[in-house]
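# Inside the fold
Listed here are the chains, written in short residue letters.
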Amino acid sequence: MGAQSHFQGRAAKAMTDPANSSLYAAREPIFPRDVKGKFRRLKWAIMAVTLGIYYIMPWIRWDRGPNLPDQAVLVDLANRRFYWFWIEIWPHEFYFVAGLLIMAGLGLFLFTSALGRVWCGYTCPQTVWTDLFLLVERKVEGDRNNQIRLLKSKWTPRKIRLRLTKWTLWLLIAVATGGAWVFYFADAPKLFVDLFTLQAAPVAYSTVAVLTATTFIFGGFMREQVCIYMCPWPRIQAAMMDDDTLTVAYRDWRGEPRGKARKNEAPKGDCIDCMACVNVCPMGIDIRDGQQMECITCALCIDACDEIMGKIGKDRGLIDYLALSDKPRERDGHKPRSAWFHIFRLRTMLYTAAWSLCGLVLLYALFIRPAIDITVAPIRNPQFVTLSDGAIRNAYDMRLRNKHGEARAFEFQLVGDAAMTLRLEGQTGLETLVPADDTSLQRVYVIAPAGSAPATGDRSELRFWIEDMVSGERAYKDSLFNGKGTQ
Amino acid sequence: MADQSSQHDPITGTETTGHDWDGITELNTPLPRWWLWTLYGTIVWGIGYTIAYPAWPLINGATEGLLGYSTRAEVAEDIARVDAQNAGIAATLASADLTTLSRDDPAYQFGVSGGAAVFRANCSQCHGAGAAGAVGYPNLLDDAWLWGGTLAEIEYTVTHGIRNDQDDDAHWSEMPAFGDIFSDEEIGMTTDYVLSLSGQDHDAAMAEQGAVLFAENCASCHGDAALGDTSVGAPNLADAIWLYGGSRADIEYSITNARFGVMPAWGLRLSDEDVKAVTLYIHQLGGGQ
């Protein structure tokens, strides 16, 4: 197929050959060869860390006291709480999640502008799980050449045995993947037992089933098709890269003309056209064609080429992390520039600054976050009530929040016109008890005596304070008092 | 682009659509075959879905679907399930003595929440969604009660109602229309006296004469000090609350023609727990005694 990738080659064949003109193309099987090198080692390390975090995280315990779950990371949908070690997020604090999403977005801008599709190549779940599935495939069926032979061979008992072994191992990984996901949403040790004793909720089983199916199909059979056809990220990233972004590229001025050096011929370039870079590519492309949409910059072709260059006694880096702006410079004979030159520039520093600013704001918000809180909903049907002695009464529904792990008594206080008095529905004093890690609703009445300024006037400002009787923490909300003048 | 051979991209060899923007041509890259099968799969699924579930509109109604699903039945199931869940606490509430029911009792909380729904469905038409009442329909938020504001009194009023023919135990009292008894001048005098009771502008000389008429004709129900009597539903005339308005014209009209409202006996229409629930709800609106 020469310089054409499998994908483009197939497409070209389908479209250029009038007899075989089809609007649809079948997937061209890809058999990435095993490769060794520094980027491969880095990818193994990242796979171990990311998969380790994914599988182990829900099993970490974190003591929060008697009334709260002891799971370090838990999304408790039923009780609307999100726990992350010492941090507990309530639904009204969802801005923290929004802030983290903004940081994730800025982080992706930063990494994409500096290192291109580094997310795709190293950390995307699709890449990590596909890599894991490829590892299983090689262990069971052997490396690239064996796999190709096996594909072409008839359905012998050996082929059936190998295929079944591979699919079973894939399926086990897929079940473990889907199974680990649900542990983030319930107490992991209990759910683990429940899942096996058929006591778990139906939604847990359906979630495991769906994620098992997607992991099995995406990791085992769809692979690069997910990246090319289903994922919008390649298109978005292309718009975020610039001439100084480091991507995986081929030093064509060094490699061309490619081919094996023969006697009595003019000296050729460094590329001996061994196809190592193509054979290791999980996307089935030829990086020597230049930057292309399918490339996830996993850098395995760099490792493959470096190995060959070492063997034939040439410098490494025929395929390397390069920026577009490097190409004309190096062609003119300048020395390669350091990768740091491309990473530290105004654009990436601005992204870093924005990312850090966002993080600092979130941290600040996290530290000033009160453990008690109050929201006030003035009752406006009716605007006010006239009492038998002519006094004017306003009512307010107060939502009290207690984030402590124990029930706390809150005392109300009113700041406003001195004539106004406070009364709590259902309580004799000005105290009300709020359950542990919960909210409670308390209706509060403010009464202005007949003839007083707030009673005869229009709207008067007032402020409600609550004080935690144990810790002394205070919180307030401002509201308005409607007098007869509002009628 | 007229030349047929130039309809192919020179680099990839792929056919182009012939569309060209600023020198960038659009490739007519073939779709993956699995994508096509996914499309066919969704079509098959879609057809199957319309057979399994209610879908195709007919002249009267629609196809029912092989699975016999209906949203109406699902709602009925949901309601039945919640009712079954609440059966225990509802029975506790129905047999509870409201005067001794603790505010921390789950049945109390259940009653207040359920009572709010009962109130909105049955009571808000007259008393208003916020229970603030209207002219002729008492405000249930204030501290003035015609027939008493304790839990027991509210429960009695809700159960039996006021001046209705359905329940023999309904509250009953009728104020005479003094237009037939008093002269116009006497009505004026009484009006001035009633205005004086609540500290409004009045003619002191007229009110002095009105006081005599009041003591002879009105005090038997409204009381010597005009503070009302909840046993006969006689309103307090000395406070700031007027069911039919407190202006001179309103009071004159009330004395001349007499006024009284009616209320249905809800004990005949609602279940025991609904009556108790709405009683608890009304009592905690701010005026309960």
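Residues numbered from 1 in each chain as written. Chains lettered and ligands numbered in written order. Predicted model: local features only at pLDDT ≥ 70, side-chain atom pairs only at ≥ 80, totals over all residues.

## Brief notes about the overall build of chain A
Our working definition: For helices the rule is a DSSP run of H or I covering at least 4 residues; for strands it is a run of E covering at least 2, with both sets numbered from the N terminus onward. For a compact globule the rule gives 2.2 Å times the number of residues to the power 0.38, and the radius of gyration it is set against comes from C-alpha atoms. A residue pair is marked as a contact if its C-beta atoms, positioned from the backbone, fall within 7 Å.
Counting its regular elements, chain A contains 18 helices and 15 strands. A compact globule built from 487 residues should have a C-alpha radius of gyration of about 23 Å, whereas chain A, at 33 Å, is more than 25% larger. In terms of overall dimensions, chain A has a C-alpha envelope of 115 × 60 × 45 Å along the principal axes. Pairs at least 24 residues apart make up 68% of the contacts formed inside chain A by residues separated by at least 6 positions.

## Here's the deal with the overall build of chain B
We count it as follows: With C-beta atoms placed from the backbone, the exposure class of a residue follows from how many other C-beta atoms lie within 10 Å of its own: 20 or more, buried; 12 or fewer, exposed; in between, partly exposed.
Helix and strand content of chain B: 10 helices and three strands. Going from N to C terminus, chain B has its helices and strands arranged as β-β-β-α-α-α-α-α-α-α-α-α-α. Rg of the C-alpha trace for chain B: 36 Å, well past the compact-globule value of 19 Å for 289 residues, more than 25% over. Counting only C-alpha atoms, chain B reaches 115 × 50 × 45 Å along its principal axes. Residue burial in chain B is summarised as follows: out of 289 residues, 28% are buried.

## A short note on the interface of chain B and chain A
Interface size is commonly expressed as the accessible area that is lost once the parts come together. We count it as follows: Residue polarity follows a fixed list, in which Ala, Val, Leu, Ile, Met, Phe, Trp, Tyr, Cys and Pro are nonpolar, Asp, Glu, Lys and Arg are charged, and the others, Gly among them, are polar. For two strands to be treated as a pair, DSSP must find at least two bridges joining them.
At the junction of the two partners, chain B supplies 29 residues and chain A supplies 28 residues. Every element with two or more residues in the side of chain B that touches chain A is listed here: β3 (31-32) and α1 (33-52) of chain B. A total of four residues in the side of chain B that touches chain A trace back to one element, the largest contributor, which is α1(B). Here the residues of the side of chain B that touches chain A are counted per class, giving 12 nonpolar, 11 polar and six charged. Pairing analysis gives two bridges linking strand β1 (residues 24-25) of chain A to β3(B), with the strands arranged parallel. Bridging across to β3(B), A25(A) finds its partner in P32(B).

## Overview of the sheet that holds strand β2 (residues 73-76) of chain A
Residue and element names in this part refer to chain A. Defined as follows: Axis definition: a line fitted to C-alpha atoms, over the contacting stretch in the case of helices. Angles run 0 to 180 degrees between N-to-C directions.
Ordered by their spatial adjacency, three strands build an open sheet running β2-β3-β4, and the pairing between neighbours is antiparallel. Each of the sheet's edge strands pairs with one partner strand only, and the pair in question is β2 and β4 (87-89). Sheet twist, expressed as the mean angle between neighbouring strand axes with direction ignored, is 10 degrees. Both strand β3 (residues 81-84) and β4 contribute to a ladder of three bridges, which runs antiparallel. Bridge pairing in β4 places F82 opposite I89.

## As for the confidence of the model for chain A
Defined as follows: Each residue carries a pLDDT score, the predictor's confidence in it, ranging from 0 to 100.
Chain-level pLDDT for chain A is 90 on average; 96% of the residues reach the 70-or-more range. For residues 1-15 of chain A, every residue scores under 50 in pLDDT, and the model assigns this stretch 39 contacts once sequence neighbours within four places are set aside.

## Here's the deal with the nonpolar core
The following threshold applies: We call a set of buried Ala, Val, Leu, Ile, Met, Phe, Trp, Tyr and Cys residues a nonpolar core when their C-beta atoms link them within 7 Å.
Residues A448(A) and V278(B) are the most contacted members of the largest nonpolar core, which totals 50 residues. With six residues, the single largest contributor to this core is helix α10 (residues 272-283) of chain B. If sequence neighbours within four positions are ignored, V278(B) has contacts with G115(B), V118(B), F119(B), C123(B) and V158(B). Of all hydrophobic cores here, the second largest spans 45 residues; its members include L106(A), C124(A), V280(A) and L300(A).

## Digging into helix α3 (residues 106-122) of chain B
Residue and element names in this part refer to chain B. Spelled out, the test is: To estimate the expected span of a helix, subtract one from its residue number and multiply by 1.5 Å.
Over its 17 residues, α3 extends 24 Å from the first C-alpha to the last, a length consistent with the 24 Å expected when each residue adds 1.5 Å. Residues A107, G111, G114, G115, V118 and F119 constitute the buried set of α3. Along its buried surface, α3 packs onto α2 (71-94), α4 (124-127) and α10.

## Focus: the environment of I302(A)
Residue and element names in this part refer to chain A. With respect to the helices and strands, the residue I302 is situated in helix α14 (residues 300-311). Here the alpha-carbon distance between I302 and K38, two residues 264 residues apart in the chain, equals 9.2 Å. Setting aside residues no more than four positions away along its own chain, I302 makes contact with F39, V248, I319 and D320.

## Some remarks on the packing of α2(B) against α3(B)
Residues and elements named next belong to chain B. Convention followed: The cut-offs work like this: below 35 degrees is roughly parallel, past 145 is roughly antiparallel, 65 to 115 is roughly perpendicular, and the gaps in between are oblique.
It is at 9 Å that the axes of α2 and α3 come closest, and there the two elements cross at 90 degrees. Considering the angle they form, α2 stands roughly perpendicular to α3. Seen from α2, the contacting residues are I89, T92 and L93; seen from α3, they are P106, A107, F110 and G111. Split by residue class, the contact of α2 with α3 holds five nonpolar, two polar and no charged.

## Remarks on the environment of W145(B)
Residue and element names in this part refer to chain B. With respect to the secondary-structure elements, W145 resides in the loop between α4 and α5 (151-160). Residue W145 is classed as buried on the basis of its C-beta count, with 22 C-beta atoms lying within 10 Å. Separated by 73 residues in sequence, W145 and C218 place their C-alpha atoms 19 Å apart.

## Some remarks on the sheet that holds strand β12 (residues 431-434) of chain A
Residues and elements named next belong to chain A. Taken together, the four strands give an open sheet; going across it, the order is β12-β10-β14-β15, and neighbouring strands pair in antiparallel fashion. The open sheet has two edge strands, β12 and β15 (474-482), and neither has a second partner. Averaged over all pairs of adjacent strands, the angle between their axes in this sheet comes to 30 degrees, without regard to strand direction. In the sheet, strand β14 (residues 459-468) pairs with β15 via nine bridges, with the strands oriented antiparallel. Within the sheet, the bridge partner assigned to F464 lies in β15 and is K477.

## Section: unusual backbone geometry
All names here are of chain A. Between E256 and P257 the backbone carries a cis peptide bond, its omega angle lying at -10 degrees. Tracing the backbone shows P257 in the loop between α12 (252-255) and α13 (276-279). Residue P382 is bonded to the preceding N381 through a cis peptide linkage, with omega at 5 degrees. A positive phi angle, close to 60 degrees, is found at L198, a residue other than glycine. C-beta crowding within 10 Å serves as the criterion here: with 7 such atoms nearby, L198 is assigned to the exposed category.

## Regarding the packing of α2(B) against α10(B)
Residues and elements named next belong to chain B. Remark: α2 packs on α10, axes separated minimally by 8 Å, with the N-to-C direction vectors making an angle of 75 degrees. Taken together, the axes of α2 and α10 lie roughly perpendicular to each other. Judged by residue contacts, A90, L93 and A94 of α2 engage D272, E273, K276 and A277 from α10. Here the contact of α2 with α10 is composed, by residue class, of four nonpolar, no polar and three charged.

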